[in-house]
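# Residue-level structure breakdown
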Amino acid sequence: MFWDFKSKFYDFARNTLVIGWILGEENQAIKNLLFFLPERPDFKVLDVATGTGNVLKLLPKNYFAVGIDKSFSMLKKAKNTEKTFVNCDTLRLPFSSSSFNLLTCVGLVEYVFDVEALLKELNRVLIKNGFLLITISHTRKLNFFRFFLGEKIFLRNPLIFEKNFKENGFKLVAKNTTLLQTQFLLEKET
Ligand SMILES: C[S@@+](CC[C@H](N)C(=O)[O-])C[C@H]1O[C@@H](n2cnc3c(N)ncnc32)[C@H](O)[C@@H]1O
């Protein structure tokens, strides 16, 4: 599987000079969005497509957090032993409805064809008025170079994605645009 193979050099590539700088900017922008959350030490968080655990490291330490990913090899590299990890597919999450206060979903949407099915499943496991921090790879020029790296990705127009999440019961709280991502902090309305 593509991600099992990629897990061998994923963290190394993320720490190289240029990629490291781009991802550092993205992580800072995510932290800025997290400032909009109410201060709730009892937050239960699900990090969807956690990979090697990048986003879990950005969250306040006292949050109870679970990371899921469909690549077991990526999860094996997520060495943060205080967190719980589950090997599963995002479109079939093994959790009851309304289980989490906050979902983070960073760097996944560009690999998912059926964005409606994804938003429905995320909506299901989130409590009402819970938050979803989600990123897309926007249709600006730089992302097109990723096709040359052999990535099969779905670039998305942020305005169309806004229509998608509104139709699936979310409202916009705040957003950021970085070189490669548009990042949205959403609240579940219905
Ligand atoms: C670009 S990485 C992002 C990882 C992490 N969120 C980060 O910020 O570094 C994308 C991850 O999505 C996972 N993934 C792709 N499709 C998935 C799916 N349908 N269900 C669960 N995980 C998936 C891959 O295994 C990979 O670890």
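What comes next is a walk through the structure. The structure presented is a predicted model; accordingly, all values stated were derived computationally and were not measured. (Residues numbered from 1 in each chain as written. Predicted model: local features only at pLDDT ≥ 70, side-chain atom pairs only at ≥ 80, totals over all residues.)

### With respect to the site of the ligand
Near the ligand there are 17 residues, and of these Trp 3, Ala 49, Gly 51, Asn 54 and Gly 107 occur at the shortest range. Of the residues belonging to the shell around the ligand, the class tally is 8 nonpolar, 6 polar and 3 charged. (Near = placed C-beta within 6 Å. Nonpolar A, V, L, I, M, F, W, Y, C, P; charged D, E, K, R; others polar.)

### Describing unusual backbone geometry
Its identity is not glycine, yet Ser 98 carries a phi of approximately 55 degrees, on the positive side. Within the secondary structure, Ser 98 sits in the loop between β3 (84–87) and β4 (100–105). The class for Ser 98 is partly exposed, based on 14 C-beta atoms found within 10 Å. One non-glycine residue, Asn 129, lies in positive phi territory at about 65 degrees. Take Asn 129: it is sitting in strand β5 (residues 126–137). (Helix = DSSP H or I, 4+ residues; strand = E, 2+ residues; numbered from the N terminus. Buried ≥ 20, exposed ≤ 12 C-beta atoms within 10 Å, placed from the backbone.)

### Describing the pairing of β4
Across the 6 residues that make up β4, a large majority, 6, are buried. Where strand β1 (residues 44–48) and β4 come together, 4 bridges link them in parallel fashion. Within the sheet, the bridge partner assigned to Leu 46 lies in β4 and is Leu 103. Relative to β5, β4 runs parallel, the two sharing 5 bridges. Within β5, the position partnered with Leu 103 by the bridge is Leu 132. At this point the chain moves from β4, through helix α5 (residues 115–125), to the parallel β5, and the crossover so formed is right-handed. (Pairing = 2+ DSSP bridges. Right-handed = clockwise from strand over helix to strand, strands pointing away.)

### A word on helix α3 (residues 17–34)
End to end, α3 covers 26 Å across 18 residues, agreeing with the expected 26 Å (1.5 Å per residue, within 8%). Every buried residue belonging to α3 is among Leu 23, Glu 26, Ile 30 and Leu 33, and all of these are buried. Seen along its axis, α3 keeps its buried residues to an arc of 65 degrees; they face one direction. Of the exposed residues in α3, those oriented more than 90 degrees away from the buried face are Leu 17, Val 18, Gly 20, Trp 21, Gly 24, Gln 28 and Lys 31. (Expected span 1.5 Å × (residues − 1). Arc of directions from axis to C-beta.)

### Let's talk about the environment of Phe 95
Its place among the elements puts Phe 95 in the loop between β3 and β4. Between the alpha carbons of Phe 95 and Arg 124 there is a distance of 9.3 Å; along the sequence they are 29 residues apart.

### Examining the environment of Asn 32
Mapped onto the secondary structure, Asn 32 falls in helix α3. The exposure class assigned to Asn 32 is partly exposed, which follows from the 13 C-beta atoms found within 10 Å. Distance from Asn 32 to Lys 175, taken between C-alpha atoms, is 9.6 Å for residues 143 residues apart in sequence.

### Side note on the nonpolar core
Membership of the largest hydrophobic core comes to 32 residues, with the highest contact counts inside it found for Leu 103, Cys 105, Leu 122, Leu 132, Leu 133 and Leu 186. When contributions to this core are tallied by element, the ones reaching two or more residues are α3, β1, β2 (64–69), β4, α5, β5 and β7 (181–188). Looking at this core element by element, the count peaks at 6 residues for β5. Not counting the four nearest positions on each side in its chain, Leu 103 is found in contact with Leu 46, Val 48, Leu 122, Leu 126 and Leu 132. (Core = buried A, V, L, I, M, F, W, Y, C linked by C-beta atoms within 7 Å. Contact = placed C-beta atoms within 7 Å.)

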